[in-house]
Amino acid sequence: MKSFSDYFDVFPRIVPAGQVSEIRITPRAAHAQLPPVENIEIIYHPVDGLNEAGNHSPEGEKNAVRSAEVRNGALFLRIFCAGEQEHNITLHIRKLPAREKSSEWLPRDEVNVHLNVYSLKPDLMALRPYRGDIHLHSVCSDGREAPEYVAARYREEGFDFIAVTDHHRYAPSLRAIEYWKDLKNGFRLFPGEEVHAPDNKVHIINFGGSFSVNDLAKSDPERYRNEVEKILRSFPAGFIPENENGFPVASSEWVFDRIREGGGLAMFCHPYWQTHKYEISTFLSDAIFKRRKFDIFEVIGGFYDDQWRSNNCQIARYYQEAAQGNSFPVAGVSDSHGTDCDQLAFRYYTVVLAKSSELPDLINAMRNGKCAAVEVMYNKVPNVVADYRLVRYIAFLVENYFPAQTRLCSVEGALMQEILAGNPEAKTALDALGNRVEEFRRKSFGDTEK
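Here the structure is a predicted model, which is why all the values come from computation and not from measurement.

Conventions used here
- Residues numbered from 1 in each chain as written.
- Predicted model: local features only at pLDDT ≥ 70, side-chain atom pairs only at ≥ 80, totals over all residues.
- Heavy atoms only, no water.
- Helix = DSSP H or I, 4+ residues; strand = E, 2+ residues; numbered from the N terminus.
- Buried < 20%, exposed > 50% of the residue type's maximum accessible area, 1.4 Å probe, protein only.
- Polar contact = N/O pair within 3.5 Å; in protein donor to acceptor, adjacent residues only side chain to side chain.
- Core = buried A, V, L, I, M, F, W, Y, C linked by side-chain atoms within 4.5 Å.
- Axes fitted to C-alpha atoms, helices over the stretch in contact; angles between N-to-C directions.
- Parallel < 35°, antiparallel > 145°, perpendicular 65-115°, else oblique.
- Left-handed = near helix turned anticlockwise from the far one by under 90°.
- Contact = heavy atoms within 4.5 Å.
- Nonpolar A, V, L, I, M, F, W, Y, C, P; charged D, E, K, R; others polar.
- Disulfide = S-S within 2.5 Å.
- Phe/Tyr/Trp six-rings, centres within 6.5 Å; stacked < 30°, edge-to-face > 60°.
- Lys NZ or Arg CZ within 6 Å of the ring centre and 35° of its normal.

**Some details on the side chain of Ser-119**
Within the secondary structure, Ser-119 sits in strand β8 (residues 111-120). Classification of Ser-119 as buried rests on a relative accessible area of 0%. Within the local environment of Ser-119, its side chain forms a polar contact with the backbone oxygen of Gly-83, the two atoms lying 2.5 Å apart. A polar contact of 2.7 Å, which involves the side chain of Ser-119, links it to the side chain of His-87.

This is the structure in structure tokens:
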């Protein structure tokens, strides 16, 4: 259900910390028309309480709002946004024009509009948020839908990028890329696969690599085993206990290296997935964490409701490793096997803060920890996993930025499905929309250049 606050656009939504920014608040419908500024009381609160002087003085909060003016139907606020934090703005509106002109029985109570913006320090302010899923399947392995259909559904749900990562197979990701190569809406499809190296139970995602690691291992098994054995011999004395098999540890590192060789991102997947026991032994996962040769860890994976403990263990392991000085980037992924009949799709994803949605920028951002894993069970309370600074900011984006982006994408994804169904007019309609998400992103960050 909409609140009255939903009838307003706020641009920009993300602003530089430590300076005055002009925020434009525009009604989206006639019933939200604003009165003259003298009938709007502006109540401002920075979430951390920090003001321009660097303290928590209530007087400083009042002085943060430098000016307010209703112009061309929009309210323009100039606010000094101190520090990296969220800023809550309440507009207490009296004499709402639509109600003043209405019949006598319509309530004329005063209205409160609750809005917020977020201020960032320069390093994060230079980056833009992208929502993606880098672990999902199609009918080409054990999924239920064609790769090109999976892509259309993910766009409909508001995603900026995905990679189809079928078991043992790299080609389905290329099939999706080829089918949608002429898209003009900014949705990005990248190569990928889920790698299952011989005699190794560890599941590893190859995101963005230029060749198939599965095919490499299968096409030259002698080379694979010789190179894995060489890695195994390089381990420090005593690293592999006498009663344990070190081959899967070395094999995993061989896979990580080959993925990076192809320019891809290597993701260590779901170590706490269990049937009757953990599919990956405790020794094996411990060794992989200790060696830390992967690029990113699947901290939130696509587990069903009865498997909730697996994600709990992965999250706890991530924070434990970080507390012990072994930090690494994390991703959230759906591991979806169907977008229409599988509860996993869309409720787990990764938010990446990158310079652009180009593959090298996304991989660089993820490899350097500018990302967070997100879990949204049944569109209810989100859970964001990353370091504290990113959790605060990305939680703001999950609540205030991505829902608006999804509304734009829903139309595009529906048209993509019409294209798949053979509607000859759908591509013309989709192309006519252009890249609305990029325009929304530009306005949200106050970018002046298109």
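**Let's talk about the nonpolar core**
One finds Ile-14, Tyr-154, Phe-187, Leu-353, Tyr-393, Ile-394 and Leu-397 to be the most contacted residues of the largest nonpolar core, which totals 49 residues. Among the elements that take part in this core, helix α13 (residues 402-420) stands out by supplying seven residues, more than any other. With 39 residues, the next largest nonpolar core counts Leu-216, Val-228, Ile-231 and Leu-344 among its residues.

**Some thoughts on the packing of helix α8 (residues 247-261) against helix α9 (residues 282-291)**
Axis separation between α8 and α9 bottoms out at 10 Å; the angle between their running directions is 45°. Taken as axis vectors, α8 and α9 run oblique relative to one another. Classified by chirality, the crossing of α9 by α8 is right-handed. Note on element contacts: α9 touches α8 through Phe-283, Leu-284, Ala-287, Ile-288 and Arg-291, opposite Pro-248, Val-249, Ser-252, Glu-253 and Phe-256. Among the residues making up the contact of α8 with α9, the classes are represented as seven nonpolar, one polar and two charged.

**Details of the state of the cysteines**
Within this structure, the stated rule accounts for zero disulfides. The structure places no disulfide on Cys-313, whose sulfur is separated from the nearest cysteine sulfur, that of Cys-269, by 17 Å. Cys-269 supplies the cysteine sulfur nearest to Cys-371, a cysteine that is in no disulfide, at a spacing of 14 Å.

**Side note on the packing of aromatic side chains**
Evaluated as defined, the whole model comprises 31 aromatic pairs. Aromatic side chains Tyr-272 and Tyr-278 sit 5.2 Å apart centroid to centroid with 70° between the ring planes, which places their arrangement in the edge-to-face category. By relative accessible area, which is 11% here, Tyr-272 ends up buried. Here Tyr-278 falls in the partly exposed class, since its relative accessible area comes to 28%. Aromatic pair Phe-294 and Phe-328: ring centres 5.3 Å apart, planes at 70°, arrangement edge-to-face. One end of the pair, Phe-294, is in the loop between α9 and β15 (296-300); the other, Phe-328, is in the loop between α10 (308-323) and β16 (330-332), and 34 residues separate them in sequence. Like Phe-328, Phe-294 is buried. Aromatic ring contacts, followed pair by pair, group Phe-256, Phe-268, Phe-289, Phe-294, Phe-297, Tyr-318, Tyr-319 and Phe-328 into a single cluster. Sitting above the plane of the Phe-76 ring, Arg-71 keeps its charged end 3.8 Å from the centroid. Seen from the ring of Phe-159, Arg-131 lies directly overhead, with NZ or CZ sitting 4.2 Å from the centre.

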